[in-house]
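Notes for the structure review
Here are the chains, one letter per residue:
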Amino acid sequence: LLGLAVLSAPSVAPAQATGKEAMRIVGRDRGADYLPRMLHLCGPGGVPQPAVWRVVARDAKGAVREFYVSKGAIISEGIIPPAKANGISGTPLPMHRLNIDSSGAFEKVEAAARTAKVGFDHLNYQLRCLELSTNAAWFIALEDAQGNRVGEVSVGASTGTIISQNWFRTPKPTASVPVPAPTPVPPPQPGLWD
């Protein structure tokens, strides 16, 4: 009976990896020498964490490589052509100062959205160094269920401080000012000008 109970028990799906876990998976599977050469991390559609992370790093020969990580493993990888790699920051992420993982960044963003009274469905994560700096930050875009951007929040990856936040709302009329109903337009009558 115990054997049947084990066989019939539902399998538990692995939890979604955080950003730091995705980078560690690349280091584990492709060599720890990749860790100090990590340049960029992004993950779309986080609920709260994305199903797939894209990790960008330089290899030992200086080529920019991308690794797609999901369910505890690298599922795809390749070299980014130099023409496409020009837009990626060349400053390596300061791994020893990344105190805030994507899970901590999510908590900060969720609290900021609650304070701003903005609802969201999912998040798009990006971890990279600030321009002309060796300090990294999480750049997080919040979207509603239709894919419309409702907010953008930047969180310092060392301190967890919110660097900036922008919220996008459609203006709503106030309750004290009544809004008149639109006047219906009568349908055209055929032959009116005949």
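Here the structure is a predicted model, which is why all the values come from computation and not from measurement.

**Things to note about the overall build of the chain**
Scanning the chain from terminus to terminus reveals four helices and eight strands. Along the chain, from the amino end to the carboxyl end, the secondary structure elements read α-α-β-β-β-β-α-α-β-β-β-β. Taking all 194 residues of the chain together, 37% fall into the buried category. Put simply, 49% of the contacts in the chain that link residues at least 6 apart link residues at least 24 apart. In the form shown here, the chain has an accessible surface area of approximately 12,100 Å², with 59% of it arising from carbon and sulfur atoms.

**Brief notes about the confidence of the model for the chain**
Confidence along the chain averages 84 in pLDDT terms, with 79% of residues attaining 70 or more. The low-confidence segment residues 1–13 (pLDDT under 50) makes zero contacts with residues lying over four places distant or belonging to another chain.

**Focus on helix α4 (residues 102–116)**
Its 15 residues place the ends of α4 21 Å apart at the C-alpha level, agreeing with the 21 Å of an ideal helix rising 1.5 Å per residue. Among the residues of α4, S102, A105, F106, V109, A112, A113 and A116 are the ones counted as buried. Down the axis of α4, the smallest arc covering the buried residues is 130°, so these residues share one side. What points out from α4, more than 90 degrees from its buried face, is the exposed set E107, R114 and T115. Each element contacted by the buried residues of α4 is listed here: α2 (19–30), β2 (53–58), β5 (122–129), β6 (136–143), β7 (149–156) and β8 (162–167).

**Quick word on the environment of S89**
Counting through the fold element by element, S89 comes out in the loop between α3 (82–85) and α4. In this structure S89 comes out as partly exposed when scored by relative accessible area, which is 23%. For the pair formed by S89 and H40, sequence separation is 49 residues and the distance between their alpha carbons is 7.4 Å. Excluding residues within four positions of it along the chain, S89 makes contact with L39 and C129.

**Here we look at the pattern of salt bridges**
Scanning the model with the defined rule gives seven salt bridges in all. Salt-bridge contacts for R30 lead to E77; the nearest nitrogen and oxygen are separated by 2.5 Å. You can see R30 sitting in helix α2 and its partner E77 sitting in strand β4 (residues 73–79), a full 47 residues away along the chain. You can call R30 partly exposed: its relative accessible area is 36%. Relative accessible area serves as the criterion here: at 32%, E77 is assigned to the partly exposed category. Measuring nitrogen to oxygen at the nearest pair gives 3.9 Å for the salt bridge that ties R114 to E110. Residue R114 and its partner E110 are both found in helix α4; the two are separated by four residues, about one turn of the helix. Among the residues examined, E110 registers a relative accessible area of 31% and is labelled partly exposed.

**Considerations on the pairing of β5**
The element β5 is extensively covered by neighbouring structure, given that six of its eight residues are classed as buried. As paired strands, strand β1 (residues 38–46) and β5 are joined by four bridges and run antiparallel to one another. In the sheet register, L41 faces β5, and the bridge partner there is L127. Pairing geometry for β5 and β6, over eight bridges, is antiparallel. Its bridge partner lying in β6, H122 is registered against E143. Hairpin connection, β5 to β6: the antiparallel pair is bridged by six residues, and L132 has positive phi, about 55°.

**Here we look at the pairing of β7**
Counting buried residues along β7, six of its eight residues qualify, which places the element largely inside the surrounding structure. Sheet analysis places β6 next to β7, joined by seven bridges and oriented antiparallel. Each bridged residue has a counterpart across the sheet, and for I140 the counterpart in β7 is V153. Where β6 folds back onto β7 in an antiparallel hairpin, the turn is made up of five residues, including G147, whose phi is positive at roughly 85°. Where β7 folds back onto β8 in an antiparallel hairpin, the turn is made up of five residues, including G160, whose phi is positive at roughly 80°.

Procedures and definitions
Residues numbered from 1 in each chain as written. Predicted model: local features only at pLDDT ≥ 70, side-chain atom pairs only at ≥ 80, totals over all residues. Heavy atoms only, no water. Helix = DSSP H or I, 4+ residues; strand = E, 2+ residues; numbered from the N terminus. Buried < 20%, exposed > 50% of the residue type's maximum accessible area, 1.4 Å probe, protein only. Contact = heavy atoms within 4.5 Å. Areas by Shrake-Rupley, 256 points an atom, 1.4 Å probe, with all protein chains shown as cover. pLDDT = per-residue confidence, 0-100. Expected span 1.5 Å × (residues − 1). Arc of directions from axis to C-beta. Salt bridge = Lys/Arg side-chain N within 4 Å of Asp/Glu carboxyl O. Pairing = 2+ DSSP bridges.

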